[in-house]
Amino acid sequence: MQLPILVEKFQQKDTIAFEALYNMYGKSIHGVIYNIVRDYAVADDILQDVFVKVWNNSSNYSTEKGRFFTWLLTIARKAALDKIHSKTINPSEHNLNKQCFADIIETNEFLNTENDGLDIKVFVSKLANSCIDVIELIYFKGYNQKETSESLDMPISTIKTRNRNCMMQLRLMLNI
Amino acid sequence: MDIKEYIDSGILELYVAGSLSDKENQEVHELMLKHSDIEREVLKIETTLLQLAAASSPSESKHVFKTVKEHIMLDNENSKTNSYVNKKSKINWFNYSGWIASILFAVGLLWLGYENRQLTSEKNQLSNEINQLKTKISTNESDKKFLELEIEKVNTNLKESKELISILRDRHIIAVPLAGQAISLNAYAKIYWDKSTKTIYLDAQGLPEPPEGKVYQLWSLTLEPLTSKSLGTLNDFDSVTNKIFTLKNANASQAFGITLEPEGGSITPTLDQLYTLGIV
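Bear in mind that the values here come from a model prediction, so they are computed numbers and not experimental data.

**A word on the overall build of chain B**
- Tallying secondary structure elements over chain B gives 6 helices and 8 strands in all.
- N-terminal to C-terminal, the α/β element order of chain B is α-α-α-α-α-α-β-β-β-β-β-β-β-β.
- In terms of C-alpha radius of gyration, chain B reaches 39 Å, well past the compact-globule figure of 19 Å for 280 residues.
- Dimensions of chain B, computed from the C-alpha atoms along their principal axes, are close to 130 × 45 × 40 Å.
- When burial is assessed residue by residue, chain B has 31% of its 280 residues classed as buried.
- In chain B, once contacts between residues fewer than 6 apart in sequence are set aside, the share between residues at least 24 apart is 58%.
- Carbon and sulfur atoms form 57% of the exposed surface of chain B, whose accessible area is close to 18800 Å².
- One finds the centroid of the 30 positive side-chain charges in chain B at a distance of 6 Å from the centroid of its 37 negative side-chain charges.

**Considerations on the overall build of chain A**
- The helix and strand tally for chain A stands at 10 helices and 0 strands.
- For chain A, the sequential pattern of α-helices and β-strands runs α-α-α-α-α-α-α-α-α-α.
- Taking 16 Å as the expected radius of gyration for a compact globule of 176 residues, we find that chain A reaches 17 Å, a close match to that expectation.
- When its C-alpha atoms are laid out on the principal axes, chain A stretches across 45 × 40 × 40 Å.

**As for the side chain of B:Thr199**
Residue and element names in this part refer to chain B.
- Mapped onto the secondary structure, Thr199 falls in strand 3 (residues 199-203).
- Within polar-contact distance, the side chain of Thr199 engages the backbone oxygen of Thr197 at 2.9 Å.
- Sequence-distant contacts of Thr199, defined by excluding residues within four places in its chain, comprise Tyr192, Trp193, Asp194, Thr246, Leu247 and Lys248.

**With respect to a nonpolar patch on the surface**
- Together, B:Phe105, B:Leu109, B:Trp111, B:Leu112 and B:Tyr114 make up an exposed nonpolar region whose accessible area comes to about 600 Å².
- Relative to the helices and strands, B:Phe105 resides in helix 6 (residues 93-169).

The rules we used
- Residues numbered from 1 in each chain as written.
- Chains lettered and ligands numbered in written order.
- Predicted model: local features only at pLDDT ≥ 70, side-chain atom pairs only at ≥ 80, totals over all residues.
- Heavy atoms only, no water.
- Helix = DSSP H or I, 4+ residues; strand = E, 2+ residues; numbered from the N terminus.
- Rg over C-alpha atoms; globule rule 2.2 N^0.38 Å.
- Buried < 20%, exposed > 50% of the residue type's maximum accessible area, 1.4 Å probe, protein only.
- Contact = heavy atoms within 4.5 Å.
- Areas by Shrake-Rupley, 256 points an atom, 1.4 Å probe, with all protein chains shown as cover.
- Lys, Arg positive; Asp, Glu negative; His and termini not counted.
- Charge placed at Lys NZ, Arg CZ, Asp CG, Glu CD.
- Polar contact = N/O pair within 3.5 Å; in protein donor to acceptor, adjacent residues only side chain to side chain.
- Patch = residues over 30% accessible without salt bridge, like charges linked within 9 Å, V, L, I, M, F, W, Y side chains within 5 Å.
- Salt bridge = Lys/Arg side-chain N within 4 Å of Asp/Glu carboxyl O.

Printed below as a string of structure tokens:
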């Protein structure tokens with residue numbers, strides 16, 4: 001089934017369509033959440049909350065607002081960030097500033113059992129640190145251009161193209 | 001509007017990230033509907049991000065959907081029971097309870113039968129859809145494999161061509177043009193001889209296709225006294241697309257000649273079938 005039809009059925013409260021969407025995006029959303037909270041149980045809880053919320057607010061989504069995945073991504077990032085901000089976090093324990101998605105991928109045992117899992121490990125290890133920083137902030141943390149530029153001490157005008165170049169490198173390696 | 005420039009600007013990457021304003025999102029959406037190139041690019045960016053984010057998930061998360069489903073079902077139940085609770089009645093239910101129970105039972109049975117039929121037809125429809133999807137996936141995959149093979153071929157060709165260029169540009173290489181002879185004045189060939197590796201690259205583009213059962217043979221010649229030594233035959237002439245043949249030559253050649261010989265080659269050149277000749 002095509003995505004627009006799935007989304008439409010989901011908005012009409014069709015649980016089968018909802019499950020199909022979960023199967024398409026759940027794992028990726030889980031990855032984004034885990035990268036922020038770094039705790040298996042907490043990540044599962046947030047993932048569950050996010051999808052229950054999405055179901056209850058399905059009418060809020062429309063294609064004019066953006067991609068369906070982007071909608072999920074935005075809700076998930078916010079839920080995960082709210083969670084870590086609400087908790088008192090011991091910085092030395094969590095050390096969230098230094099960790100990023102690339103560390104998870106490079107040590108992800110789970111990938112060894114999957115097709116192409118090892119490939120993505122290699123590809124990510126080949127990405128320049130500057131690329132990892134930009135991708136981490138823009139996609140995994142939901143920073144806008146201005147916030148990214150301030151955080152990385154980079155001119156705002158270069159963020160957009162830097163991000164594009166980094167994504168292109170990944171696409172070349174992933175053959176997308 | 002320059003679509004390539006628009007795509008290259010990196011705005012679509014930000015669109016997928018969700019970091020554009022509502023107005024910009026709307027604009028991108030409208031352009032996606034108008035230009036399939038833009039839509040395709042967005043899908044590719046999304047696929048890349050999906051893979052990257054999925055790889056950042058270090059544990060199985062499939063089971064989570066079960067609890068999600070339980071939650072949303074429960075929410076439905078709650079809203080239903082709440083609406084029943086509000087309706088109070090003054091009827092003495094006890095007197096009617098037996099009748100009501102049997103009526104409910106009968107209605108329940110009918111309903112179950114109906115539900116069952118509904119479910120079976122939904123199930124059939126779904127399995128049809130799944131089968132259709134499976135066929136689509138397998139065609140897509142075979143298309144992808146085919147494209148990958150094509151790309152591989154192109155890459156190998158490119159690599160070979162680059163190697164060839166670097167060989168021909170080597171300054172120590174000796175170039176020997178071979179001019180057409182009486183039997184075929186228009187024929188020509190060129191030899192690039194790398195003495196250090198004792199290798200000859202023969203560009204035979206200017207030779208006519210050899211007739212059935214015949215093959216070109218390259219000869220190394222020394223003058224005074226005239227002696228010839230075979231360097232080999234140009235096998236599968238028509239299937240070598242770039243018409244470059246690599247042969248070994250450890251001789252102190254003074255000239256090279258190409259003759260047309262019976263398949264398998266000859267021990268000595270058939271001189272009246274000499275196509276091209278060139279002096280070092």
